[in-house]
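Coordinate analysis (summary)
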Amino acid sequence: MADLSSNFLGIKSPNPFWLASAPPTDKEVNVRRAFEAGWGGVVWKTLGEDPPVVNVNGPRYATLFSPDRRVIGFNNIELISDRPLQTNLDEIRRVKRDFPDRAMVVSLMVPVNEASWKAILERVADTGADGVELNFGCPHGMSERGMGSAVGQVPEYIQQVTEWCKKHTRMPVIVKLTPNITDVRFPARAARAGGADAVSLINTINSVMGVDLDRMTMSPVTDGQGSHGGYCGPAVKPIALNMVAEIARDAATAGLPISGIGGISTWRDAAEFIAMGCGTVQVCTAAMVYGFKIVQDMCSGLANFMDEKGYASLADFQGRAVPTVKNWNQLNLNHVEKALIAQDSCIQCGRCHVVCEDTSHQAIWATKDGQRHFHVNDAECVGCNLCVSICPVPGTITMRKLQPGETDARTGRVIDGSYQNWTTHPNNPMRAGCG
Ligand SMILES: Cc1cc2nc3c(=O)[nH]c(=O)nc-3n(C[C@H](O)[C@H](O)[C@H](O)COP(=O)(O)O)c2cc1C
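Rules of the game
Residues numbered from 1 in each chain as written. Predicted model: local features only at pLDDT ≥ 70, side-chain atom pairs only at ≥ 80, totals over all residues. Heavy atoms only, no water. UniProt positions renumbered as here; feature names shortened; annotations may be inferred. Pairing = 2+ DSSP bridges. Helix = DSSP H or I, 4+ residues; strand = E, 2+ residues; numbered from the N terminus. Axes fitted to C-alpha atoms, helices over the stretch in contact; angles between N-to-C directions. Patch = residues over 30% accessible without salt bridge, like charges linked within 9 Å, V, L, I, M, F, W, Y side chains within 5 Å. Areas by Shrake-Rupley, 256 points an atom, 1.4 Å probe, with all protein chains shown as cover. Salt bridge = Lys/Arg side-chain N within 4 Å of Asp/Glu carboxyl O. Buried < 20%, exposed > 50% of the residue type's maximum accessible area, 1.4 Å probe, protein only. Core = buried A, V, L, I, M, F, W, Y, C linked by side-chain atoms within 4.5 Å. Near = heavy atom within 4 Å. Polar contact = N/O pair within 3.5 Å; in protein donor to acceptor, adjacent residues only side chain to side chain. Arc of directions from axis to C-beta. Contact = heavy atoms within 4.5 Å.

Naming follows an unreviewed UniProt entry, where the protein chain appears as dihydrouracil dehydrogenase (NAD(+)) of Roseateles saccharophilus. We quote the UniProt Sequence similarities (unreviewed entry) comment for the protein chain here in full: "Belongs to the dihydropyrimidine dehydrogenase family."

Right, let's get into the sheet that holds strand S11 (residues 205–207). Spatially, the four strands line up as an open sheet ordered S5-S6-S14-S11, and their pairing is antiparallel. For this open sheet the edge positions go to strand S5 (61–65) and S11, each flanked by a neighbour on one side alone. Taking each pair of neighbouring strands and ignoring which way they run, the sheet shows an average axis angle of 35°.

Moving on to a nonpolar patch on the surface. On the surface, Val211, Leu213 and Met216 cluster together into a nonpolar patch covering about 360 Å² of accessible area. Mapping leucine 213 onto the fold places it in the loop between strand S12 (210–212) and strand S13 (217–219). On the basis of relative accessible area, leucine 213 is assigned to the exposed category, the value being 62%.

Counting residues in hydrophobic clusters, the biggest one holds 84 residues, and the most contacted among them are Trp39, Val175, Leu201, Leu302 and Phe317. Tallying contributions element by element places helix H10 (residues 294–309) first for this core, with eight residues. Counting residues in hydrophobic clusters, the runner-up holds 13 residues, among them Ile364, Cys381, Ile390 and Ile397.

With that out of the way, let us pick up the site of the ligand. The immediate surroundings of the ligand are formed by 23 residues, with Ser21, Thr46, Lys176, Gly263 and Thr285 found nearest. Between an oxygen atom of the ligand and a side-chain N or O atom of lysine 176, the distance comes to 2.8 Å. For the ligand, an oxygen atom lies 3.0 Å from a polar atom in the backbone of isoleucine 202. At the level of secondary structure, the elements contributing two or more residues to the shell around the ligand comprise strand S4 (41–47) and strand S6 (71–76).

Below, the discussion takes up helix H6 (residues 185–193). Every buried residue of H6 is listed here: Pro187, Ala188, Ala190 and Ala191. End-on view of H6: buried residues confined to an arc of 160°, all on one side of the axis. On the buried face of H6, the contacting elements are helix H4 (149–152), helix H5 (155–168), strand S9 (173–176), strand S10 (198–201) and helix H7 (237–248). Glycine 195 occupies a position one or two residues after H6 and carries a positive phi of about 100°.

See below:
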């Protein structure tokens, strides 16, 4: 059976599944139950003390549903922990003592001054916690007070606070990044420059969930008014995965450990983040929607996958997908695919025909001999994949790669197997040696 254990910055956990800093980790009773259910670690709900935290008591959460009412996006305007700091610290000490094999990381957010960070770090170290995560990501409420994403959006602040933390604690320091920036490589580089042991990402994305068209207010509202909140859940996974990939393949942050967060709901999501370079993964929305026991399916699913693929440990596939992430100008323009429709499983719904005809390349045509049949015209197909994306029967439309020696019916070019990307393409006026 595959070994799921992880060792992230020297912090050991029996599996890579940690609960992200959020309501599931905000008090002893939750975290004990989480550990009993099998979670490998937690990042305790963000602690701070100064100034005191007061949350709204109207709706804090809002939801984006799929048509079958599954939660695909989730939004919140909750602040950091509003419970007394000492209560949290006492609870952290007790839980860590009773679950020594689980990762106990404490998330922190205090104003940008060295004395505040020094003071809270000393108190956290005293609990026996394994590490700290600096919350430079929260995009609502705290950012208006110059904390959270207000720090995470300024690389110089990230570097400065990380340096203070490294100076004042021996615990590993994880810097949690905000996605509310243009290029995530800059804050990640700043974290590394400040001495961070790792980065974690993503925190939530700024969002307004909707508009109540009867009351003509944004949604959700507290006493008729609302404020932008942090977006998370399955819908943000592609954004998180891209940001993880950008950091994993950036030479300036090469080797910097990453804890992946954002929309992770299944073992498969987790495996994708690990293949993209993450050493652990963190989960929030899925636990809030389905409860703590989902970790059991996550562990067994990941172990089965690893057994099937022959991976004995997480290290065997961690980062394996990173070298496949390239800039567009490095892609092979000599690679040609054509759609192929399997007539035996096609249900003749015609959706591929409609979308290709109306919005793509008019490459799917219909014949009628009592029943409708749909066919691909290779002379028009550009291999865009839209028909595969909308076909309701998985596997019915596939993409076939043209082999060397075959002629592309659209361009008349013979596939010769040679590699040519945009950087070297004859149509690129900027290519080396041109002009
Ligand atoms: C209600 C709620 C409260 C959160 N509170 C915190 C927090 O205190 N500190 C923090 O770093 N992240 C906080 N987060 C963000 C999560 O830790 C996580 O980064 C984000 O939700 C993305 O993961 P997910 O898609 O699995 O939910 C919160 C998220 C939610 C939904």
